[in-house]
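Coordinate inspection notes
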Amino acid sequence: MTPHHLPRTTPDHPEGLAGLELLASAVILLDAEGRIRYANAAAENLLESSLKALARQTLGALFVNADELASLCAQALGHKFADMRQDLTLERAGREPLHVHSIVSAVDDDTVVVELRENIQQLKLDREERIIDQSQVNKELIRNLAHEIKNPLGGIRGAAQLLELELPPLHLAALREYTQVIIKEADRLQTLVDRLLAPHRRPHIVGDVNIHEVCERVRTLILAEFPSGLTILRDYDASIPEFRGDKEQLIQTVLNIAHNAAQALSERIEAGDAQLTLKTRVARQVTLAKVRYGLALDLHIIDNGPGISPHIRDRIFYPLVSGREGGSGLGLTLAQTFVQQHMGVIECESRPGYTDFRIVLPLP
């Protein structure tokens, strides 16, 4: 909304501002002293505060770094521009900063309108950066823990084997059960450690990859394990070109996600209405890890299961975090590692009846 279309009335006549309540953008009216005279419903939601609490407050009371926005308001009152558009990061004490696109205009000589729209692209970049940073921390932690665990495990297993050789014949059968428990548990932990280290040991083998061959391979494997009660839908964009990548890693990535989905669909599989969708599209002008790509693969793995529990939704890519009893919690961690080795990202949207894992990879 431009300043020319704003009502000329003030909050003393709220009926003149009714139209602002319908806007999705946050709109704030400030007086000449920079105090808030009015905020629409979208502004209340964005600022997490009611109009009653916001009224008469200054920008400095709302934001730690309000100087730049306050300066824009002062310039608007001085008629130095018709309207100023600028991306800002507004910091708030004890809360997440707001990444917004701001539009500042003067309504008249003593009223400024500030329109704030969340900068979705900046939020996305920040989220991706946090994911990459967390993944690097996870990988370093995994490597360190795996190496620290591996050596003692070998000693424990060897000691149990030696102890078994020294057991008296009279009690061998009864006591051998205990040494076998030690040996088998040591072997199980060794297998877990090997899986943790697998992505860092295996060389990255690059070749031409057709993503639909990857999806078809995964589809065959999933249907072999779940032959009835599960329908796998294919929604492919045949125009997607081949790209350079590690085919085996990408098969493992898609398989890990699809297999988790199939296991989460157990109740629907029993009912016979479980659905898993493999969907491919081309995305344009995509930013991945602060690099802009003209084309990107947009791969979705969608299921109609119960959704991911809110308690673990923000941690599903962390190692050893699983929403399934008996799960290792490594499938999504490995998937994220493989995708990041291809300069891509994984995102997840989940609610009851719908979970969508989205893999975005750059295309040539």
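Thresholds, definitions, all that
- Residues numbered from 1 in each chain as written.
- Predicted model: local features only at pLDDT ≥ 70, side-chain atom pairs only at ≥ 80, totals over all residues.
- Heavy atoms only, no water.
- Helix = DSSP H or I, 4+ residues; strand = E, 2+ residues; numbered from the N terminus.
- Contact = heavy atoms within 4.5 Å.
- Areas by Shrake-Rupley, 256 points an atom, 1.4 Å probe, with all protein chains shown as cover.
- Core = buried A, V, L, I, M, F, W, Y, C linked by side-chain atoms within 4.5 Å.
- Buried < 20%, exposed > 50% of the residue type's maximum accessible area, 1.4 Å probe, protein only.
- Polar contact = N/O pair within 3.5 Å; in protein donor to acceptor, adjacent residues only side chain to side chain.
- Axes fitted to C-alpha atoms, helices over the stretch in contact; angles between N-to-C directions.
- Left-handed = near helix turned anticlockwise from the far one by under 90°.
- Nonpolar A, V, L, I, M, F, W, Y, C, P; charged D, E, K, R; others polar.
- Expected span 1.5 Å × (residues − 1).
- Arc of directions from axis to C-beta.

1. Some thoughts on the overall build of the chain
Helix and strand counts for the chain come out as 10 helices and 12 strands. Intrachain contacts of the chain at a sequence separation of at least 6 include 61% that bridge at least 24 residues. Of the roughly 19700 Å² of accessible surface on the chain, a fraction of 54% belongs to carbon and sulfur atoms.

2. Focus on the side chain of Ser-102
Of note, Ser-102 is situated in strand S4 (residues 98–108). Apart from residues lying up to four places away in sequence, Ser-102 is in contact with Leu-72, Met-84, Arg-85, Gln-86, Leu-88, Glu-115 and Leu-116.

3. A look at the nonpolar core
In terms of nonpolar packing, the biggest core is built from 39 residues, with Ile-222, Leu-230 and Ile-359 touching the most fellow members. Those elements giving two or more residues to this core turn out to be helix H7 (211–225), strand S7 (230–235), helix H8 (247–264), strand S9 (274–288), strand S10 (291–303), helix H10 (331–341) and strand S12 (354–362). It is H8 that contributes the most residues to this core, 8 residues altogether. Leave out the neighbours within four places in its chain, and Leu-230 touches Ile-222, Leu-223, Ala-262, Leu-265, Ile-269, Ala-274, Gln-275 and Leu-276. Ranked by size, the runner-up nonpolar core spans 28 residues in total, among them Ala-39, Phe-63, Ala-76 and Val-112.

4. Considerations on the side chain of Thr-355
Summarising the element assignment, Thr-355 is placed in strand S12. Separated by 2.9 Å, the side chains of Thr-355 and Ser-350 make a polar contact. Residue contacts for Thr-355: discarding those within four places in its chain leaves Ile-301, Ile-302, Asp-303, Gly-307, Ile-308, Cys-348, Glu-349 and Ser-350.

5. Quick notes on the packing of H8 against H10
Packing of H8 against H10 leaves a shortest axis separation of 9 Å and a crossing angle of 145 degrees. Helix-helix and strand crossings are classified by hand; for H8 and H10 the assignment is left-handed. For the pair H8 and H10, the contacting residues are Gln-249, Gln-252, Thr-253, Asn-256, Ile-257 and Asn-260 in the first and Gly-331, Leu-332, Leu-334, Ala-335, Phe-338, Val-339 and Gln-341 in the second. Of the residues belonging to the contact of H8 with H10, the class tally is 6 nonpolar, 7 polar and no charged.

6. With respect to unusual backbone geometry
Of note, Arg-56 is a non-glycine position whose phi angle comes to about 75 degrees, a positive value. Positive phi, close to 65 degrees, is recorded for Met-343, a residue that is not glycine. The class for Met-343 is partly exposed, based on a relative accessible area of 46%.

7. Observations concerning H7
Given a rise of 1.5 Å per residue, 15 residues ought to cover 21 Å, and the 22 Å separating the end C-alpha atoms of H7 matches this to within 8%. Taken together, the buried positions of H7 are Ile-211, His-212, Val-214, Cys-215, Val-218, Arg-219 and Ile-222. Viewed along the axis of H7, the buried residues span an arc of 150 degrees, placing them on a single side of the element. Residues Thr-220 and Ala-224 are exposed on H7 and point more than 90 degrees away from its buried face. Contact partners of the buried residues in H7: strand S6 (207–209), S7, strand S8 (243–245), H8, S9 and S10. The opening residue of H7 is Asn-210, an N-cap whose side-chain oxygen sits 2.8 Å from the backbone nitrogen of His-212.

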